[in-house]
Amino acid sequence: MREFTYDAQPMRVVLRPGSSITATPQEAERLGLRRLLVISGPRGAATARDVADALGGSCVGLHAEARMHVPAETADRAVEVARAAGADGCVAVGGGSAIGLAKVIALRTGMPLIAVPSTYAGSEMTPVWGLTEHGAKRTGRDPSVLPRCVVYDPELTLSLPVGNSVTSGINAVAHAAEALYAPDASPLVSLMAEEGARAMTEALPAVAADHRNLDARGRALYGAWLCGAALGATTMGLHHKLCHALGAPSACRTPRPTAWSCRTPSPTTRPPHPRPWRHSAEPWAPMTPRMPCGNWQAASAHPAPWPNSASGKPTWSWQHARQAITRTPTHGRSPRQASWTY
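Residues numbered from 1 in each chain as written. Predicted model: local features only at pLDDT ≥ 70, side-chain atom pairs only at ≥ 80, totals over all residues. Heavy atoms only, no water.

Asker: Teacher, can you tell me more about the packing of aromatic side chains here?
Answerer: Where two aromatic rings form a pair, the distance of their centres and the angle of their planes describe that pair. Enumeration over the complete set of coordinates arrives at one aromatic pair. Look at Tyr-222 and Trp-225: their rings are 6.2 Å apart centre to centre, the planes differ by 70°, and that puts the pair in the edge-to-face class. One end of the pair, Tyr-222, and the other, Trp-225, are both in helix 7 (residues 214-232), three residues apart, so they sit about a helical turn from each other. Given a relative accessible area of 24%, Tyr-222 falls into the partly exposed group. Classification of Trp-225 as partly exposed rests on a relative accessible area of 26%. (Phe/Tyr/Trp six-rings, centres within 6.5 Å; stacked < 30°, edge-to-face > 60°. Helix = DSSP H or I, 4+ residues; strand = E, 2+ residues; numbered from the N terminus. Buried < 20%, exposed > 50% of the residue type's maximum accessible area, 1.4 Å probe, protein only.)

As structure tokens, then:
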């Protein structure tokens, strides 16, 4: 018998098209919140304004100054704004920057948080907060930063560029991979991680083919939810710590260093094939990752996804990615002991 401990995430999750406008006010009312401050980044201010308008008289303001990796001065300013407005809760609309800033507000003030994600970053499902000061990012875990409700609206992600969608989706898959080898994983966490990675790798090709495919966008949000929840229930490892160290000093978006570290092979899992980058003429996937590791002999038994003998250009098969994600890594180790590289 395998011994484990599992704590269920306490938040309520709503996933349906249009829910950012229809469900957010309902969830605020359910939580008894009457004075909500809406948090977003400058680029997402228009979308956040729509949510603020839907809240009506319950909205006391829109603070659209979230920045990547939550600089300390940005956090101080947001806390001052929330207190000055007499807010009794926050609604974070956007990606990891907006949700990260709202988490720090929740940490310092105790205000409840409603998250309305517009990317696949998954921050809304973890109790992890981050703050960047003097070029260094520090993180911590506190259950008070977990949103009381997460509203997933596929329509909200339609404006997310395809390249950013794919990079953000790979970031979510990286969450699942790290949760699979975490020392404190449980059977339920592993199931969530596997299903989340499977859902995301099935959704991303459809999103790339048609960025307005609402069904694919919804499937990607479903995958992001599971991948983020799996990571939030386990201990983060070297992978994400490296991404925090690489991303904050250079003010780089978190999914990009995640994708970079994912595609770096370890000495024991280096594949015998050339790097499977997509051709530069396909701008939607500028940083498509390496095929996940596992049994490379078994993987090579399938038709190699590169190069394309007809065109002479390197190509990538998402079918190979889905197969490899669920394949048990070999090298004489269990899945949680193996080194997963993408």
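Asker: Please explain helix 1 (residues 19-30) as it appears in this structure.
Answerer: Count 3.6 residues to each turn of an α-helix, and residues three or four apart come out pointing the same way. Taken together, the buried positions of helix 1 are Ser-19, Ser-20, Ala-23, Thr-24, Glu-27 and Ala-28. One side of helix 1 carries all its buried residues, which in axial view fall inside an arc of 140°. Tucked into the core, helix 1 has its buried residues touching strand 1 (12-15), strand 2 (36-39), helix 2 (45-55), strand 4 (89-94), strand 5 (113-117) and strand 8 (149-152). With its phi angle positive at about 75°, Gly-32 sits one or two positions after the end of helix 1. (Arc of directions from axis to C-beta. Contact = heavy atoms within 4.5 Å.)

Asker: Explain the pairing of strand 3 (residues 59-63) to me, please; I cannot follow it from the model alone.
Answerer: Where a strand is regular, its side chains alternate between the two sheet faces. Direction of pairing for strand 2 relative to strand 3: parallel, over a ladder of four bridges. Note on strand 3: the bridge partner recorded for Val-38 is Leu-62. This β-α-β element, strand 2 to helix 2 to strand 3, shows right-handed connectivity. (Pairing = 2+ DSSP bridges. Right-handed = clockwise from strand over helix to strand, strands pointing away.)

Asker: Honestly, the packing of helix 6 (residues 187-209) against helix 7 in this entry has me stumped. Any pointers?
Answerer: A pair of packed helices is characterised by two quantities: the angle between their axes and the separation of those axes. Remark: helix 6 packs on helix 7, axes separated minimally by 7 Å, with the N-to-C direction vectors making an angle of 150°. Relative to helix 7, the element helix 6 is oriented roughly antiparallel. The two elements helix 6 and helix 7 cross, and the hand of that crossing is left-handed. Listed contacts from helix 7 to Val-189, Met-192, Ala-193, Glu-195, Gly-196, Ala-197, Ala-199, Met-200, Glu-202, Ala-203, Ala-206 and Val-207 of helix 6 are Ala-216, Arg-217, Arg-219, Ala-220, Tyr-222, Gly-223, Ala-224, Leu-226, Cys-227, Ala-229 and Ala-230. For the contact of helix 6 with helix 7, the per-class residue count stands at 17 nonpolar, two polar and four charged. (Axes fitted to C-alpha atoms, helices over the stretch in contact; angles between N-to-C directions. Parallel < 35°, antiparallel > 145°, perpendicular 65-115°, else oblique. Left-handed = near helix turned anticlockwise from the far one by under 90°. Nonpolar A, V, L, I, M, F, W, Y, C, P; charged D, E, K, R; others polar.)

Asker: Would you mind showing me how to read the pattern of salt bridges here?
Answerer: Side chains that carry opposite charge are capable of pairing whenever their charged atoms lie near each other. Using the criterion set out here, one finds seven salt bridges in the structure. Here Arg-30 ties to Glu-27 by a salt bridge, and the two come within 2.9 Å at their closest N and O atoms. Taken as a pair, Arg-30 and Glu-27 lie in helix 1 at a separation of three residues, close to a single helical turn. Among the salt bridges present, the one from Arg-219 reaches Glu-195, with a minimum N-O distance of 3.9 Å. Residue Arg-219 is located in helix 7, and its partner Glu-195 is located in helix 6; the two are separated by 24 residues in the primary sequence. What makes Arg-219 partly exposed here is its relative accessible area of 30%. A network of salt bridges, in which partner residues are shared, links Glu-195, Arg-198, Glu-202 and Arg-219. (Salt bridge = Lys/Arg side-chain N within 4 Å of Asp/Glu carboxyl O.)

Asker: Where do I start with the pairing of strand 2 in this structure?
Answerer: Across the two faces of strand 2 the burial is the same, with Leu-36 and Val-38 and Leu-37 and Ile-39 all buried. Alignment of strand 2 against strand 4, held across four bridges, turns out to be parallel. Bridging across to strand 4, Val-38 finds its partner in Val-91.

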